[in-house]
Amino acid sequence: MISTVLRTGAIRGDQIARGLRLNTLRMASTYLVENSKYSFLKDLGLGKVNSGVFNGEWTGTGEVVKSIDPASGDVIAEVKTGTVAELEKCLEVGTTAYHQWKNLPAPYRGEIVRQIGDELRKYREPLGKLVSLEMGKIMAEGVGEVQEFVDICDYAVGLSRMFAGQILPSERAKHTIIEKWNPLGLIGVISAFNFPCAVFGWNAAIALAVGNSVLWKGAPSTPLVSIATTKIVTDVLKRNNLPPVVTLCQGGTDVGKKMVADERVKLLSFTGSTAVGREVGVEVQRRFGKFLLELGGNNALIINDDAPTDMALDAAFFGCIGTAGQRCTSTRRLIIHEKLYDEFVTKLVKRYNNLLKRVGHPLEESTLYGPLHNQQAVNNYKNTLAEAVKLGGKVECGGKVIDRPGFFVEPTIVTNLPHDSPVVHKETFAPIVYILKAKNLNEAIEWNNEVDHGLSSSLFTSNIGSAFQWIGEGGSDCGIVNINTSPSGAEIGGAFGGEKHTGGGRESGSDAWKQYVRRSTITVNHSPDLPLAQGLVFE
């Protein structure tokens, strides 16, 4: 109301000041954590003001930040963030804890991870609701994200008894070559707002099982998820009389830069933008550390002329609008065979228009489409659409900011742009999809591969030859190469990550655990002689 009146110039300066004071008082006294409607926040141990640092004890003497519900603009609670000095304490504590943790038998470490998974199961619903409230994704996705953490804990329990090295033949008689995998030390995790719980889980469960300690810096705009998740994990450690092998330091850019530069962080796992990830990679490499980068994605879904179109329509709809287009695997480009193009676009536009009936607060069960995360995301959405239209794009549906509290925008379809348009080649973290018309599969694959990123991709086809072309050496150059399913989302059993400007890192399943360990190649001589390799005689 105040901003509207300011534009009209209809009230005096003293009235403006009084209105601002009243608004400030209202915001200060109506934090959602104090509202019984959000009682799950207190179930998670959260209060009006929360400490954002855990180093064995909860503290935080840095800037006090407000956590905002992106669906309403209301303040959820406050967080006392950490300073560089408090990060230093976390580094010291985490490094010391590692030396005790690494000496425990791996299956025992797995048992602790199993208990963490069980504890997460108890809090799956309230923690999932918090993810939805603070990030903005719908409740099914919020609860599903916590389930991912539970699932990777189960995976890590098995891994704790299985991460074996090889025994290899030697060219020398009575010699044996052995591989052994040993932990690295303290693992740093810097996670992003869009998966504020799961990304930490993917890293932490595996890192802990193979013998590392973990230091976490969650996204600045989702600090409550970081705090609540850390409370659940560290309560398990305390019950087992274990040192704080998981520490947390919510903080600003200075905290992140210190984590990146510090040699005690043996592996730095970073999830975020390509621009920042490039800087992170350079800085960590400067000190010869290890890094794991999960960066952007400009993901394509290809619909071939023999595609099962109903399935493809469902996949496109979810891939484009799930999490309001804020997944790193969200579908940014639909590449449709010219024979199916017109009918498919018509059907998808109809789906989009019907979706507007399901826009709402993420915690409402009827909601299928929630808000963007913040005002910056809304601005990026508006600027990108303005650029697309200027370049000749046609907005088939959507294209506007929704007039309601929070950061809601209409999911948008853009056509009439060439496949190599600059705006098509740019990742925008918003529900915008560009639809392209291809003559054949070869052309579609070429367009899939021509962008800088290489995270996720999918082909819908009924032809086995096309399927194997897609996954072969002449097919998709992405890290995730799906067939007849959405490019959006992934199971924990496979390694998650991408190529090119996506960073090359791999998290979660398969053999992604190898990034959290160092390989020792051991030659054992069990003979009475000392023969040299390659038959070398040195005398």
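Residues numbered from 1 in each chain as written. Predicted model: local features only at pLDDT ≥ 70, side-chain atom pairs only at ≥ 80, totals over all residues. Heavy atoms only, no water.

For the protein, an unreviewed UniProt entry supplies the name aldehyde dehydrogenase (NAD(+)) and the organism Aedes albopictus. According to the UniProt record, the Sequence similarities (unreviewed entry) comment for the protein reads "Belongs to the aldehyde dehydrogenase family." Looking at the Subunit (unreviewed entry) heading of the UniProt record, one finds this comment for the protein: "Homotetramer." (UniProt positions renumbered as here; feature names shortened; annotations may be inferred.)

(A) Representation of the confidence of the model for the protein within the structure. For the protein, per-residue confidence averages 94 on the pLDDT scale, and 95% of positions sit at 70 or higher. Considering each helix and strand of the protein separately, the mean pLDDT is smallest for helix α1 (residues 2-8), with a value of 31, and largest for strand β9 (residues 213-217), with 99. Every residue in residues 1-28 scores below 50 in pLDDT, and together they form ten contacts with partners more than four places removed in sequence or on other chains. (pLDDT = per-residue confidence, 0-100. Helix = DSSP H or I, 4+ residues; strand = E, 2+ residues; numbered from the N terminus. Contact = heavy atoms within 4.5 Å.)

(B) The arrangement of the nonpolar core in detail. Leu41, Leu127 and Leu130 are the most contacted members of the largest nonpolar core, which totals 78 residues. Looking at which element gives the most residues to this core, the answer is helix α8 (residues 198-209), with ten residues. Here this core gathers at least three residues from each of two domains, domain 1 (79-295 + 510-519) and domain 2 (299-495). With near-sequence residues (within four places) excluded, Leu41 lies in contact with Leu32, Val33, Leu46, Ile76, Leu130 and Leu133. Formed by 57 residues, the second largest nonpolar core is a distinct cluster that contains Ala315, Leu355, Val433 and Leu436. (Core = buried A, V, L, I, M, F, W, Y, C linked by side-chain atoms within 4.5 Å. Buried < 20%, exposed > 50% of the residue type's maximum accessible area, 1.4 Å probe, protein only. Domains from an automatic or database assignment.)

(C) A look at the UniProt feature "active site" (unreviewed entry) in the protein. Look at the UniProt record and you will see "active site" (unreviewed entry) annotated at Glu294. Structurally, Glu294 can be placed in strand β12 (residues 290-294). Non-local contacts of Glu294, meaning those with residues more than four positions away in its chain, are made with Phe270, Thr271, Gly272, Phe496, Gly497, Gly498, Thr502, Gly505, Arg506 and Glu507.

(D) The arrangement of the sheet that holds strand β17 (residues 432-438) in detail. One open sheet holds the seven strands; their spatial order is β15-β16-β17-β14-β13-β19-β20, and the pairing between them is mixed. Each end of this open sheet is capped by a strand with a single partner; those strands are β15 (394-397) and β20 (480-483). The sheet shows a mean angle of 25° between the axes of neighbouring strands, taken without regard to direction. Taken together, the three bridges between strand β16 (residues 412-415) and β17 define a ladder with parallel strand orientation. Counted as the bridge partner of Thr412 is Ile432 from β17. The sheet strands contacting helix α15 (residues 441-449) are β13 (299-303), β14 (331-337), β17 and β19 (456-460), and the helix crosses β17 at an angle near 145°. (Pairing = 2+ DSSP bridges. Axes fitted to C-alpha atoms, helices over the stretch in contact; angles between N-to-C directions.)

(E) Just the pattern of salt bridges, in detail. Considering all chains together, one arrives at 24 salt bridges under this definition. With a shortest N-O distance of 3.1 Å, Glu119 and Arg239 are connected by a salt bridge. You can see Glu119 sitting in helix α5 (residues 106-122) and its partner Arg239 sitting in helix α9 (residues 223-239), a full 120 residues away along the chain. Overall, the relative accessible area of 8% leaves Glu119 in the buried class. As a salt-bridge pair, Glu145 and Lys137 come within 2.6 Å of each other at their nearest N and O atoms. A single burial state applies to Glu145 and to Lys137, both of which are buried. (Salt bridge = Lys/Arg side-chain N within 4 Å of Asp/Glu carboxyl O.)

(F) Representation of the sheet that holds strand β10 (residues 246-249). Spatially, β3-β2-β10-β9-β8-β11-β12 is the arrangement adopted by the seven strands of the open sheet, whose pairing is mixed. Of all strands in the sheet, those with a lone pairing partner are β3 (58-59) and β12, marking the two edges. Sheet topology note: the strand β8 (residues 186-190)/strand β11 (residues 265-271) ladder contains five bridges and is parallel. Bridged to Ile190 within β11 is Phe270. Its contacts with the sheet place helix α10 (residues 253-261) against β8, β9, β10 and β11, and it is angled at close to 145° to β8.

(G) Inspection of the side chain of Thr222 at higher detail. With respect to the helices, strands and loops of the structure, Thr222 is situated in the loop between β9 and α9. According to the relative accessible area criterion, Thr222 is buried, its value standing at 0%.

(H) Just the packing of aromatic side chains, in detail. Tallied over the entire structure, the rule returns nine aromatic pairs. Between Phe200 and Trp216, the aromatic rings sit 3.9 Å apart at their centres with planes inclined by 10°, giving stacked as the arrangement. You can see Phe200 sitting in helix α8 and its partner Trp216 sitting in strand β9, a full 16 residues away along the chain. Taking the relative accessible area as the measure of exposure, Phe200 reaches 0% and is therefore buried. Its relative accessible area of 0% is what places Trp216 among the buried residues. Aromatic side chains Phe317 and Tyr352 sit 6.2 Å apart centroid to centroid with 70° between the ring planes, which places their arrangement in the edge-to-face category. On the criterion of sequence distance, the pair formed by Phe317 in helix α12 (residues 309-321) and Tyr352 in helix α13 (residues 341-355) is long-range, its members being 35 residues apart. Across the pair, exposure class does not vary: Phe317 and Tyr352 are buried alike. (Phe/Tyr/Trp six-rings, centres within 6.5 Å; stacked < 30°, edge-to-face > 60°.)

(I) Spotlight on the UniProt feature "domain: Aldehyde dehydrogenase" (unreviewed entry) in the protein. In this structure's numbering, the residues bearing the UniProt feature "domain: Aldehyde dehydrogenase" (unreviewed entry) are residues 62-521. Across residues 62-521, helical content stands at 39% and strand content at 21%; the span's end C-alpha atoms are separated by 45 Å.

(J) Examining the pairing of β14 more closely. Taking burial as the measure, the seven residues of β14 include seven buried ones, the bulk of the element. With five bridges connecting them, β13 and β14 associate as parallel partners. Residue pairing in the sheet places Asn299 in a bridge with Thr331 of β14. Chirality of the crossover, the property in question, places the unit of β13, α12 and β14 among those that are right-handed. Relative to β17, β14 runs parallel, the two sharing five bridges. Note on β17: the bridge partner recorded for Ile336 is Lys437. (Right-handed = clockwise from strand over helix to strand, strands pointing away.)

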